[in-house]
Amino acid sequence: MKTAVLLVNVGTPDSPDVRDVRKFLALFLNDPHVINIPWLWRKILVNWMIVPFRAPKSAAEYRRLWTKDGSPLRIHSEKVRDLLQKRLAGQADVRLAMNYGNPDMAGVMNEMSRNGYDRLTVVPLFPQYADSTAGSAGAAVAKHLARWSKQPEYRIVKQFYDHPRFLDAWTERIASCRPEHDRCVVFSFHGLPLGHLPEKCRREGPCECLSRPDTPSASESCYKAACYDMARKLADRLGLAADRYTVAFQSRMSRRWMQPFTDDVLKHLARKGAKVLMAAPSFIADCLETTVELGIEYKETFLEHGGKDYILAESLNDDPKWIDALAEICQAAASED
């Protein structure tokens, strides 16, 4: 059977110029999966209020990130695609699409439709499921698939944060930073508006989903539960006691987002004179949120408030163990009945 794997990432502007950043933000924030309010209010909020004021600031941040080869997120995503293609040679054709930006979803899927695939496995590159990321990617793929003249067998990987090889890759990456006994590991996940969570899970701290015996798969429907579950699994692999790691959430746009906030946690640790090792396991590639937000801005915040030492673990990027994990994830999804 002719088989394809489609990797989907969130996307990136074509350049750090304000015009390209404005275009990217408009695509991203107008997605109803991202800002889930009525259409007209979303258009007014995004196009008249958020994008015009945020684009120049975001462009400045992207300029701090940009390399001579372009956006790190796109560079790393393309390397992952190419390395996975080598691993799956003879088994599947591997393609990459961005939900917003290039390589754009429509162009990639139009090209794929002409190849007459019998099977398609879609892997949104977001370890923990959230409607604003994997959910949006899945909806976009389904929309384009509906236009194909030949419909393939179709599977989507909802999330993979708990895949053993993926956890092993992150464990090795964090361990390589040598988290000594007096260093606190901060697992910083991308935050979400509280409205994107089940109502019972909106208070600060761990939610009850994973502790309830009647909800063994709660992390499949609760992003917050998946984040805390992954942190716990990584801590177990690293041999971290409960007082040697913490969970926090970054990239908030208001106070009505998931807490505790990463910058608040860092200020608290800094005042205690702590040493910190940051890890961001909701990102599979270094990007604006890791390189600039965590690597520059939050580091400055931590040191300004009295912190002693700050280390940031790189994302997995094109780490061979991550490619091994991704290959197993794709093969397992393709073999499902």
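Quick note: structure is the one above.
Summarised in this report is the structure supplied together with it. (Residues numbered from 1 in each chain as written. Predicted model: local features only at pLDDT ≥ 70, side-chain atom pairs only at ≥ 80, totals over all residues. Heavy atoms only, no water.)

**A word on the overall build of the chain**
Step number 1: Within the chain one finds 10 helices and eight strands.
Step number 2: Taking 337 residues into account, the globule formula puts the C-alpha radius of gyration at 20 Å, and the chain, at 20 Å, falls close to it.
Step number 3: For the chain, the spread of C-alpha atoms along the principal axes amounts to about 60 × 45 × 45 Å.
Step number 4: By the burial criterion, 52% of the 337 residues in the chain qualify as buried.
Step number 5: Sequence-distant contacts, at least 24 apart, represent 76% of the contacts inside the chain between residues at least 6 apart.
Step number 6: Working note: accessible area of the chain is about 15,400 Å², and carbon and sulfur atoms make up 51% of it. (Helix = DSSP H or I, 4+ residues; strand = E, 2+ residues; numbered from the N terminus. Rg over C-alpha atoms; globule rule 2.2 N^0.38 Å. Buried < 20%, exposed > 50% of the residue type's maximum accessible area, 1.4 Å probe, protein only. Contact = heavy atoms within 4.5 Å. Areas by Shrake-Rupley, 256 points an atom, 1.4 Å probe, with all protein chains shown as cover.)

**Considering the sheet that holds strand S6 (residues 245-250)**
Step number 1: The four strands lie next to each other as S6-S5-S7-S8, forming an open sheet whose pairing is parallel. Since the sheet does not close on itself, it has two edges, and those belong to S6 and strand S8 (309-312), each with one partner. On average, each strand axis in the sheet is tilted by 25° relative to the strand beside it, whichever way the strands run.
Step number 2: Where strand S5 (residues 183-190) and strand S7 (residues 275-279) come together, five bridges link them in parallel fashion. Bridge pairing in S7 links Val-186 to Met-278.
Step number 3: In the packing of helix H7 (residues 223-238) onto the sheet, the strands contacted are S5 and S6, and the crossing angle to S5 comes to about 150°.
Step number 4: In this fold helix H8 (residues 262-271) packs onto S5, S6, S7 and S8, with an angle of close to 140° to the strand it touches most, S6. (Pairing = 2+ DSSP bridges. Axes fitted to C-alpha atoms, helices over the stretch in contact; angles between N-to-C directions.)

**Some words on the pairing of strand S4 (residues 153-156)**
Step number 1: Sheet analysis places strand S3 (residues 119-124) next to S4, joined by four bridges and oriented parallel. Bridging across to S4, Leu-120 finds its partner in Tyr-154.
Step number 2: Following the backbone out of S3, through helix H5 (residues 131-145) and into the adjacent parallel S4, one traces a crossover that is right-handed. (Right-handed = clockwise from strand over helix to strand, strands pointing away.)

**Overview of the packing of helix H1 (residues 18-29) against helix H2 (residues 39-65)**
Step number 1: At a minimum axis distance of 8 Å, the contact between H1 and H2 shows a crossing angle of 135°. Viewed along their axes, H1 and H2 adopt a mutual orientation that is oblique. For the pair H1 and H2, the sense of crossing is right-handed. Contact residues: Val-18, Val-21, Arg-22, Phe-24, Leu-25, Ala-26 and Leu-29 in H1; Arg-42, Val-46, Asn-47, Ile-50, Val-51, Arg-54, Ala-55, Pro-56, Ser-58, Ala-59 and Tyr-62 in H2. (Parallel < 35°, antiparallel > 145°, perpendicular 65-115°, else oblique. Left-handed = near helix turned anticlockwise from the far one by under 90°.)

**Thoughts on the state of the cysteines**
Step number 1: By the definition in use, this model includes zero disulfides.
Step number 2: Left without a disulfide partner, Cys-227 is nearest to the cysteine sulfur of Cys-222, which lies 8.4 Å away.
Step number 3: A relative accessible area of 0% places Cys-227 in the buried class. (Disulfide = S-S within 2.5 Å.)

**A few points about the nonpolar core**
Step number 1: In terms of nonpolar packing, the biggest core is built from 72 residues, with Leu-7, Phe-187 and Trp-322 touching the most fellow members.
Step number 2: If near-sequence neighbours (up to four positions away) are discounted, Trp-322 is found in contact with Val-80, Leu-125, Phe-160, Phe-166, Ala-169, Ile-284, Leu-316 and Asn-317. (Core = buried A, V, L, I, M, F, W, Y, C linked by side-chain atoms within 4.5 Å.)

**Some words on the sheet that holds S3**
Step number 1: One open sheet holds the four strands; their spatial order is S2-S1-S3-S4, and the pairing between them is parallel. In the strand order of this sheet, the two ends are held by strand S2 (93-101) and S4, each with one partner. Adjacent strand axes in the sheet meet at a mean angle of 20°, parallel and antiparallel pairs treated alike.
Step number 2: As paired strands, strand S1 (residues 3-12) and S3 are joined by six bridges and run parallel to one another. Across the sheet, residue Val-8 finds its bridge partner in S3, namely Pro-124.

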